[in-house]
Structure formats: C-alpha cells, structure tokens
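# Architecture at a glance
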Amino acid sequence: MKFFHVFLIGLLGWLSFGMGTAANAGSELARRNGTLTVDGEVRQYLLYVPKSYRGDQPVPLVISIHGYGGSPSQQQKESGWNDLADQYGFIVVYPSGTGTPKHWRASGTEDSYKEIDFISALIDKLEADYSIDATRIYVNGHSNGGGMTFMLACTLSDRIAAAGAVSGGYLYPWQDCNPTRPVPLIAFHGTADPVVPYTGGPSRLFHYPFPDISTFMARYAQSNGCQTTPQTLPAIQEVSGVEYTGCSQNASVILYTIDGGGHGWPGGRTRLPEFVVGKTSQSIDATQMLWDFFSQYSLK
C-alpha cells in the first residue's frame with residue numbers, strides 16, 4: 001500500500017513535469033520565468049503577459065497556484081489561463097511551491113508564513129514592474145493550491161479581491177483565519193474525488209483530515225456574513241451549484257459540485273489518467289467560470 005501511495009504521487013509529478021515542458025514552449029516575449037528571494041528562500045514563478053499589454057492602463061492580475069506535485073508550467077497548461085489573459089487583457093502569474101515534490105505549506109505550520117510572504121512579495125514585484133490594477137488581484141488554485149488559496153483569502157484579504165479553488169485541500173485552521181474583509185469565493189469539487197474526498201477525511205494518497213466540502217463552504221459563507229440557506233443554481237449536465245447570497249459587502253460564495261467527478265480541473269486542457277484522478281468533467285470550463293466570477297469584484 002505504501003508503494004502504491006509513493007507510485008501515484010510520483011506519477012502525478014512525472015506527468016506534471018511532462019506537461020510543463022510542453023507548456024514552456026512558445027514566445028518568450030509573453031512567457032517569463034522569474035525568481036524572488038523571500039525569507040531566505042529562492043522562490044520561482046512563471047509570468048504570462050498578453051501581447052495586448054502596453055503599460056498605459058492598469059490591468060488585473062490573476063495568480064494561479066498549482067497542486068501537490070505540480071508546477072507553474074503544468075498549471076499554465078492545464079488551466080488555460082493564458083487564453084483568457086489574451087482575450088480579456090490581464091496578466092497571469094503561476095508561482096512555484098517548494099520541496100520535492102513541489103507543494104505549498106498551507107496548513108498553518110510554522111513555515112506557512114513564508115508562503116504568505118512569498119505571494120505578498122510577488123504582488124509587490126509585479127506591481128513595481130507592470131501597471132497592475134491593485135483593486136483587481138485574484139487568486140485561484142488546484143488541490144493543495146486550493147488550500148493555499150484559502151490561506152491567502154484568510155491572510156491577504158486586503159490585497160485579494162476574490163478567490164477560487166478547484167478540488168481544494170483546505171487544511172488552514174479556522175482559528176487562524178482572520179480576514180480584514182470578506183473575500184468572495186467560488187469552488188469546484190467532484191463527489192468521487194479520490195485525492196481530496198468530497199465528504200472529508202483522509203484519502204488513499206494523503207492522510208490528512210480534509211473537511212467535508214459542503215460543510216466547509218457553508219462555514220466560509222457564514223464567515224462572510226451570508227444568508228444561511230443558499231440559492232440553487234441551474235444545473236449543467238452533471239454539475240450542480242449553490243450560491244450563498246446576502247453576504248457582507250456582497251462577498252458571495254459559490255460551490256459547484258460535479259456528480260461523479262474526480263480530482264481534475266473541469267474543462268482542463270490536458271487530462272491525467274482516470275485511474276489516478278478519476279473522471280474530469282468537460283461539461284463546464286472552470287477557468288472561464290472563475291474569470292466570470294472574479295470580474296464582478298474589485299477592492300473598494
């Protein structure tokens with residue numbers, strides 16, 4: 001069993017590397033690798049600047065965070081954020097985690113502050129180098145990156161206008177979640193996710209006390225001051241949704257549940273093996289839905 005656990009994690013990392021190599025191909029004018037030294041650690045990121053960028057007008061910034069064993073280039077390839085950046089004229093950055101395999105320390109450990117400092121410093125760097133609209137900075141992530149997104153919503157709420165997560169592994173302690181303002185959140189999760197179970201608890205890959213997703217989202221909505229009972233959204237084939245409204249500062253909370261869905265990115269541009277992550281829904285485009293949600297919000 002232990003061998004199978006190690007094998008699956010290794011396979012995820014290998015596939016991520018392979019997709020990352022392909023994703024790095026293309027115009028270097030639009031794709032830039034960068035490094036920052038923060039808290040004594042050299043941190044890396046991949047930046048995408050659309051060709052339409054001129055610098056004479058502030059543009060939104062989207063921060064997209066890879067999952068456990070992933071990479072910036074893999075997240076770029078899988079999510080397709082670059083296509084939307086070209087279409088809507090925003091800048092997107094893909095930060096890199098630490099360690100081997102790459103991951104995010106997003107569970108409230110002593111090193112979690114280093115991740116927060118890194119993202120804060122990355123925003124500072126990009127605001128210094130580009131014309132960024134500081135009121136329209138958005139963060140999203142996959143799996144462990146979704147957990148990182150939740151931690152950032154708790155700790156950088158003064159800089160992040162809205163957040164989103166796909167198959168998020170939420171481990172940051174609620175007692176440490178003290179945002180200065182409610183951060184709108186949209187999340188996607190499959191009922192058959194074999195990596196981060198929808199009903200919570202450990203999985204075959206990770207022995208962490210993941211929360212029940214619907215309970216977690218209800219608690220997040222409560223923290224945003226939303227009405228207790230959510231509104232039902234129109235179903236899209238196997239995808240159902242609920243929205244918590246009446247929230248403080250209109251910071252709504254949306255959960256899309258994919259019936260039978262696995263751990264993949266819905267509508268993802270690449271697909272990991274089904275025996276590893278389960279079924280990846282193609283009924284919706286999570287990236288487009290994330291942007292549609294984000295574009296409603298700005299810091300005031």
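In what follows, the accompanying structure is described. (Residues numbered from 1 in each chain as written. Predicted model: local features only at pLDDT ≥ 70, side-chain atom pairs only at ≥ 80, totals over all residues. Heavy atoms only, no water.)

### Quick notes on the pairing of strand E3 (residues 59-65)
What counts is decided by this rule: Only protein chains enter the accessibility calculation, which uses a 1.4 Å probe; a residue whose area is less than 20% of its type maximum is buried, one above 50% is exposed, and one in between is partly exposed. Here a helix means four or more residues in a row that DSSP labels H or I, a strand means two or more in a row labelled E, and each is numbered from the N terminus. When DSSP finds two or more bridges between two strands, those strands count as paired.
Taken across its 7 residues, E3 has 7 buried, putting it largely inside the fold. The pairing of E3 with strand E4 (residues 91-95) spans 3 bridges and is parallel. Counted as the bridge partner of leucine 61 is isoleucine 91 from E4.

### Looking at the state of the cysteines
Defined as follows: Sulfur atoms of two cysteines make up a disulfide when they are within 2.5 Å.
In this structure the tally under the stated criterion is 2 disulfides. Between the sulfur of cysteine 154 and that of cysteine 177 lies a disulfide, 2.1 Å long from S to S. The sign of the S-S torsion, about -85 degrees, decides the handedness of the disulfide formed by cysteine 154 and cysteine 177: left-handed. In this pair, cysteine 154 sits in helix H5 (residues 144-155) while cysteine 177 sits in the loop between strand E6 (162-166) and strand E7 (185-190), placing the two residues 23 residues apart along the sequence. Each member of the pair, cysteine 154 as well as cysteine 177, is classed as buried. Shown here is the disulfide that connects cysteine 226 with cysteine 247, its sulfur atoms set 2.0 Å apart. In this structure the cystine formed by cysteine 226 and cysteine 247 twists about its S-S bond by roughly 105 degrees; its chirality is therefore right-handed. Of the two residues, cysteine 226 is situated in the loop between helix H6 (213-223) and strand E8 (231-236) and cysteine 247 in the loop between strand E9 (239-244) and strand E10 (253-258); the sequence distance between them amounts to 21 residues. A residue is classified by how much of its surface remains accessible, and cysteine 226, at 12% relative accessible area, is buried. Classification of cysteine 247 as buried rests on a relative accessible area of 9%.

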